[in-house]
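Examination of the molecular architecture
In case you want the letters, here they are:
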Amino acid sequence: MCGIIGITGRDDAIDGIVAGLKRLEYRGYDSAGVVANDGRDLRVVKRAGKLEQLTGALAGQPLASRAGIGHTRWATHGAPTDRNAHPHVEPAGRVAVVHNGIIENYQSLKAGLGDVRFASDTDSEVVAHLVGRELETMDAPDLFDAVRRVLPQLRGAYSLCFTALDDPETIVVAKYEAPLIVAHADGVGYCASDVTALIAYTRDVAALRDGQVARISPDGIEVTDAEGALAEPHRYTVNWDLDAAEKQGYDHFMLKEIFEQPQAVLDTLLDRYTAPEPGSSPRLHLDELRIDELDLARIDKVFVLACGTSLHAGMVGKLAIEHWAGIPVDVEVASEFRYRDPIVDPHTLVIAISQSGETVDTIAAASHARDQRAPVLAICNVVGSTLAREADGVLYTHAGPEVAVASTKAFTTQIVGSLLIGLYLAQVRGRMYATETADIIARLQQIPTALERVLELDGEIRELAERYKDTDYTMFIGRHAGLPIAMEGALKLKEISYLHAEAFPAGEMKHGPIALIEPGSLVVALASAGHVFAKMVSNIQEVRARGASVLALGTDGSTAELKEHADHVLTLPEAPHELAGPVLSVVPLQLVSYHVATLRGEDVDQPRNLAKTVTVE
Ligand code: M6R
């Protein structure tokens, strides 16, 4: 979603801002703009389209100033046009704003301003007008105070960043339910939507908490609460560097991230199972836990809440928790949870899964559950993110920065994280002997090597992608642990190649979807060896009998039989545990989608209409 960056205290502030916007591109956007503040004018350049449109425009009118702010916009209110791009300047030309989020009451705020001309159709512009009005009424105009006076009028979610002519080297930011990071290094002040934009300048950052406002200048950063009392943001040091956020010779971030999966899984498993004291039995542990283990032992129900790919990881988590810990689990789309009447109490554990930790639907669902005193465990990739901070416990996935919009290494590490939580719950409830846990952990350690073997199939998968790249409609089928992967395979194909794809539980085919099958239909079947393999073979035969071409994903133990029934079989190594199978079987589907999309000439890393982090409802 929208990306924000502000810099103050550098002669080349605008160059730094454009470089930061480049790093924020992965969030998804459809227009971009900057404003340079040299104390005489607020000079705005903004363009619809990709960043190249903006840099092209800037080449013709270079902006020199020591302070400025920039924005990539993902359109919500108003089409993605030049005039709707941010920054927005109020009529007196005194204040400019960029905004991430939605100002829900913008229409009534606009009406309250009377007969004023607006230069855009956005919800955000009204905030610049309101702050401009406040400045006009002040004897000693002060942007920080003006912003604080306006904030109570706003409804919705925002991270806001302002610059004003009265005090050109001061940037003011405010945060409510949309992420905002501030930093200060070597006499330069920074703010951004996420650390990726700042990693080239510093790794020591602070995430503002909801309701906090900050004044950023070359001298330092002052953070207050809404009433103006000094407040402490969440300070942390980023544990990855610029290298991790670059393509490192790969054509796309997505491909790089697919190939990083063995390492990402290894890192997620690292040091999870250790003895608290010499001589005691090893125990599994999370990264942060603020829930009494005795309370966890009394949990009688689990909700897994997440969106998109993270939801699919949660579906695997359900199988693991029910199997190992013996607790009933519901997996639910986070955006639905708080609009019904979920039965939640202190004995309900909520597991919220999010790569970014900033997905507003997941954060809101988790907080709805916390309001009913349910403990929340987060599985999160981004350290210090909102969800991670607000949860009662966190298991970090240690996948490193995931830049491509299509989630890959975050997914496989989320599955590993879910399996660990399943084992952890079994441990605190006394459902498993330490030796059993140790055996499963030892088996999970074999996943990275198995993943390396799966990645060796890339050449064969590319050939398959050549063959199937123009298939308009693909059906993915699976059962048990294969079902979430069928769903993930369909999502991956849709989101980056824009081809229609659907997933069904293989057993459901006869109840309707099989009517779609006709000669030439393509069905991708998840058919690893395991307790549902024989059932999958029957389902494959049913679609084949009706003329479908079948691409089956099997394992060493299932391939021979599959070859009799499928048009093509991809053979994966046997998973070290049946519940770890999804970590392996998703990889060929990620690669198929990647190759199909590149062969079709699509923008793999930034697919149309999508944003990496969905910070609006
Ligand atoms: O950051 P999150 O894990 O909360 O994001 C959730 C979804 O928006 C995300 O997984 C989305 O479905 C991806 N684009 C899928 O590749």
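Residues numbered from 1 in each chain as written. Predicted model: local features only at pLDDT ≥ 70, side-chain atom pairs only at ≥ 80, totals over all residues. Heavy atoms only, no water.

The environment of the ligand is made up of 13 residues, and the closest members are Ser 310, Ser 354, Gln 355, Thr 359 and Glu 495. With respect to the ligand, the backbone of Thr 309 contributes an N or O atom lying 3.2 Å from an oxygen atom. Separating a nitrogen atom of the ligand from a backbone N or O atom of Val 405 is a distance of 3.1 Å. Isolated, the ligand exposes 420 Å² of accessible area, and the fraction of that covered by the protein chains is 91%. For the shell around the ligand, the secondary-structure elements that each account for two or more residues are helix 9 (308-325) and helix 17 (482-497). (Near = heavy atom within 4 Å. Polar contact = N/O pair within 3.5 Å; in protein donor to acceptor, adjacent residues only side chain to side chain. Areas by Shrake-Rupley, 256 points an atom, 1.4 Å probe, with all protein chains shown as cover. Helix = DSSP H or I, 4+ residues; strand = E, 2+ residues; numbered from the N terminus.)

Across the nine residues of strand 6 (residues 95-103), nine count as buried, placing the element largely inside the fold. Here strand 5 (residues 88-89) hands over to strand 6 after five residues, with Gly 93 in that stretch at a positive phi of 70°. When strand 6 meets strand 7 (residues 156-164), the two strands line up antiparallel, connected through nine bridges. Counterpart to Val 98 in the pairing with strand 7 is Cys 161. (Buried < 20%, exposed > 50% of the residue type's maximum accessible area, 1.4 Å probe, protein only. Pairing = 2+ DSSP bridges.)

A full pass over the atoms with the stated rule returns four aromatic pairs. Relative to Phe 337, the ring of Phe 303 has its centre 5.2 Å away and its plane inclined at 70°; by these criteria the two rings are edge-to-face. Note that Phe 303 is positioned in strand 18 (residues 301-306) and Phe 337 in helix 10 (residues 334-337), a separation of 34 residues in sequence. Sitting over the face of the ring of Tyr 29, Lys 50 holds its NZ or CZ atom 4.6 Å from the ring centroid. Against the face of Phe 118 rests Lys 110, its NZ or CZ located 4.6 Å from the ring centre. (Phe/Tyr/Trp six-rings, centres within 6.5 Å; stacked < 30°, edge-to-face > 60°. Lys NZ or Arg CZ within 6 Å of the ring centre and 35° of its normal.)

A few words now on the side chain of Thr 437. Mapped onto the elements, Thr 437 comes out in helix 14 (residues 434-444). Not counting the four nearest positions on each side in its chain, Thr 437 is found in contact with Tyr 273, Leu 284, Leu 423 and Met 432. (Contact = heavy atoms within 4.5 Å.)

For the rest of this paragraph, the subject is the sheet that holds strand 22 (residues 393-396). Across the sheet, which stays open at both edges, the six strands sit in the order 17-22-21-20-18-19 with mixed pairing between neighbours. At either margin of the open sheet sits one strand with a lone partner, and together these are strand 17 (288-289) and strand 19 (329-333). Where strand 20 (residues 348-354) lies against strand 21 (residues 376-380), five bridges are found, and the strand directions are parallel. Counterpart to Ala 352 in the pairing with strand 21 is Ala 378.

A few words now on the domain arrangement of the protein chain. If you check the domain split of the protein chain, you get domain 1 (2-238), domain 2 (253-445) and domain 3 (455-599). On a C-alpha basis, the centres of domain 2 and domain 3 stand 27 Å from each other. Every contact between the two is made by 27 residues of domain 2 and, on the other side, 24 residues of domain 3. Summed over both sides, the interface between domain 2 and domain 3 buries roughly 2,200 Å², with carbon and sulfur atoms accounting for 79% of that surface. Interface area lost by domain 2 to domain 3 is led by His 312, Leu 319 and Arg 443, which between them contribute 22%. The tally of links from domain 2 across to domain 3 stands at zero salt bridges. Across the domain 2-domain 3 interface, the total number found is six residue pairs in polar contact (both at pLDDT 80 or more). Of all the secondary-structure elements, those providing two or more residues to the side of domain 2 that touches domain 3 are helix 6 (253-259), helix 7 (261-269), helix 9, helix 13 (409-428) and helix 14. Among the residues forming the side of domain 2 that touches domain 3, the class breakdown is 18 nonpolar, eight polar and one charged. (Domains from an automatic or database assignment. Buried area = accessible area lost by both parts, 1.4 Å probe. Salt bridge = Lys/Arg side-chain N within 4 Å of Asp/Glu carboxyl O. Nonpolar A, V, L, I, M, F, W, Y, C, P; charged D, E, K, R; others polar.)

For an α-helix the count is 3.6 residues per turn, leaving residues at separations of three or four pointing the same way. In this model helix 4 (residues 125-137) runs 19 Å from its N-terminal to its C-terminal C-alpha over 13 residues, within 8% of the 18 Å that 1.5 Å per residue would give. Taken as a whole, helix 4 has its buried residues at Glu 125, Val 126, Val 127, Ala 128, His 129, Leu 130, Val 131, Gly 132, Glu 134 and Leu 135. The secondary structure elements touched by the buried residues of helix 4 are strand 5, strand 6, helix 3 (106-112), helix 5 (143-150) and strand 7. (Expected span 1.5 Å × (residues − 1).)

Before going further, it helps to spend a moment on helix 2 (residues 51-60). When helix 2 is considered as a whole, its buried residues turn out to be Leu 51, Leu 54, Ala 57 and Leu 58. Angular distribution of buried residues about the axis of helix 2 spans 125°; they occupy a single face of the element. For helix 2, the exposed residues set more than 90 degrees away from the buried face come down to Ala 59 and Gly 60. Where helix 2 is buried, its residues touch helix 1 (13-24), strand 2 (31-37), strand 3 (42-48) and strand 4 (67-73). (Arc of directions from axis to C-beta.)

Moving on, we get to the pattern of salt bridges. Using the criterion set out here, one finds 35 salt bridges in the structure. Measuring nitrogen to oxygen at the nearest pair gives 3.6 Å for the salt bridge that ties Asp 145 to Arg 148. Of the two residues, Asp 145 and Arg 148 both sit in helix 5, three residues apart, roughly one turn of that helix. Given a relative accessible area of 28%, Asp 145 falls into the partly exposed group. Linking Arg 600 and Asp 470 is a salt bridge whose minimum nitrogen-to-oxygen distance equals 3.3 Å.

The omega torsion across His 86 and Pro 87 is 0°, close enough to zero to call that bond cis. Note that Pro 87 resides in the loop between strand 4 and strand 5. Unlike most non-glycine residues, Gln 248 shows phi in positive territory, near 50°. Here Gln 248 shows up in the loop between strand 14 (234-237) and helix 6. Judged by relative accessible area, which is 46%, Gln 248 ranks as partly exposed. Positive phi, normally seen in glycine, also occurs at His 398, with a value near 50°. Note that His 398 resides in the loop between strand 22 and helix 13. Relative accessible area serves as the criterion here: at 28%, His 398 is assigned to the partly exposed category.

Here the focus is the side chain of Thr 613. Structurally, the position occupied by Thr 613 is in the segment after helix 20 (581-599). Take Thr 613: its relative accessible area is 4%, and that puts it in the buried class. If near-sequence neighbours (up to four positions away) are discounted, Thr 613 is found in contact with Met 1, Arg 27, Ser 356 and Glu 358.

Moving on: the state of the cysteines. Under the criterion given, the structure shown has zero disulfides. Cys 380 forms no disulfide, and the closest cysteine sulfur to it belongs to Cys 307, at a distance of 12 Å. (Disulfide = S-S within 2.5 Å.)

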